[in-house]
Amino acid sequence: MLPALLRMMFGIGTKKARLHVNMFTNLLGEDRNGWGLSHKGLLWHGGVARNYTKRFKENQSTKIGLLFDGIAGTLTYYKDDVCLGIAFRGLNEVREPLYPIVCSTAAKTEMLLSETRRDFVNLQDRCRAIIIKHINTREKLDRLALPYFIKNYLAEAVTESNATVTPLELHLIDQYLY
């Protein structure tokens, strides 16, 4: 939630995006290194602004969401849980890493990051996540008859806990995975 939302911008940028300046200006999107949404409802990129949504209400909390799809190359915004649609396309053609950026030129603005989520980039990571839901300890993983490299890849995602393998789990592992 963003109380007293004034002169704030939300978006993404490369490492080359300017992060600090001693003047009141829209930093995000001032050049080709950033893509941003301003509190005035304008999208900024390459120093050019275009209309996108209604202005944000001043002195009223507003919830802003960003959905960056690196595979499709799109950036979509949400305002108070309502999808505003795709704001930017072609971001998959940017050959530098992109980072989330929030900036403000007003002294009395506040921002609270309430949640983040990362979806899977590829099928391999998605499969690993499903396997780790069931094989969630190193002990269970070590019982699987898998090639070293696959077992090592799975082990990177195993969070060790005090959980022990139950006799039923051992039976299921022996029955279905060998």
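Residues numbered from 1 in each chain as written. Predicted model: local features only at pLDDT ≥ 70, side-chain atom pairs only at ≥ 80, totals over all residues. Heavy atoms only, no water.

The name an unreviewed UniProt entry gives the chain is SPRY domain-containing SOCS box protein 3, with Anopheles minimus as the organism. For the record of the chain, the UniProt heading Sequence similarities (unreviewed entry) holds the text "Belongs to the SPSB family." (UniProt positions renumbered as here; feature names shortened; annotations may be inferred.)

*Asks:* Got a sec to walk through the sheet that holds strand β6 (residues 74-79)? Specific residues and values, please.
*Replies:* Spatial strand order, β5-β6-β7: three strands in an open sheet with antiparallel pairing. Each edge of the open sheet carries a strand with a single partner, namely β5 (64-69) and β7 (82-88). The average angle at which neighbouring strand axes cross in this sheet is 25°, direction not considered. Here β5 pairs with β6 via six bridges, running antiparallel. Each bridged residue has a counterpart across the sheet, and for Gly 65 the counterpart in β6 is Tyr 78. (Pairing = 2+ DSSP bridges. Helix = DSSP H or I, 4+ residues; strand = E, 2+ residues; numbered from the N terminus. Axes fitted to C-alpha atoms, helices over the stretch in contact; angles between N-to-C directions.)

*Asks:* How would you summarise the packing of aromatic side chains if you had to cite specific residues and measurements?
*Replies:* Evaluated as defined, the whole model comprises two aromatic pairs. Judged by centre distance (5.9 Å) and plane angle (70°), the rings of Tyr 52 and Tyr 77 are edge-to-face. Placement of the pair is Tyr 52 in the loop between β4 (48-51) and β5 and Tyr 77 in strand β6, with a sequence separation of 25 residues. Accessibility assignment for this pair places Tyr 52 and Tyr 77 in one class, buried. Ring geometry for Tyr 148 and Phe 149: centres 5.3 Å apart, planes at 75°, overall edge-to-face. When the ring centre of Phe 88 is taken as origin, the NZ or CZ atom of Arg 50, which lies over that ring, is 5.6 Å away. Cation over ring: Arg 128 sits above Tyr 153, and NZ or CZ is 4.0 Å from the ring centre. (Phe/Tyr/Trp six-rings, centres within 6.5 Å; stacked < 30°, edge-to-face > 60°. Buried < 20%, exposed > 50% of the residue type's maximum accessible area, 1.4 Å probe, protein only. Lys NZ or Arg CZ within 6 Å of the ring centre and 35° of its normal.)

*Asks:* Summarise the sheet that holds β4; cite the residues concerned and give the values.
*Replies:* With antiparallel pairing, the five strands of this open sheet are ordered in space as β4-β3-β2-β1-β8. Lying at the two open borders of the sheet, with one neighbouring strand each, are β4 and β8 (99-104). Within this sheet the neighbouring strands show an average axis-to-axis angle of 20°, counted without direction. Bridging between strand β1 (residues 8-13) and strand β2 (residues 34-38) involves five bridges; their strand directions are antiparallel. When the sheet's bridge partners are listed, Ile 12 is paired in β2 with Trp 35.

*Asks:* Tell me what's going on with helix α1 (residues 123-134), and back it up with residues and numbers.
*Replies:* One full turn of an α-helix is made of 3.6 residues, so residues set three or four places apart face in the same direction. Here α1 spans 17 Å end to end across 12 residues, near enough to the 16 Å set by a 1.5 Å rise per residue. Among the residues of α1, those classed as buried are Asp 125, Arg 128 and Ile 132. End-on, the buried residues of α1 take up no more than an arc of 55°, which puts them together on one face. For α1, the exposed residues set more than 90 degrees away from the buried face come down to Leu 123, Lys 133 and His 134. (Expected span 1.5 Å × (residues − 1). Arc of directions from axis to C-beta.)

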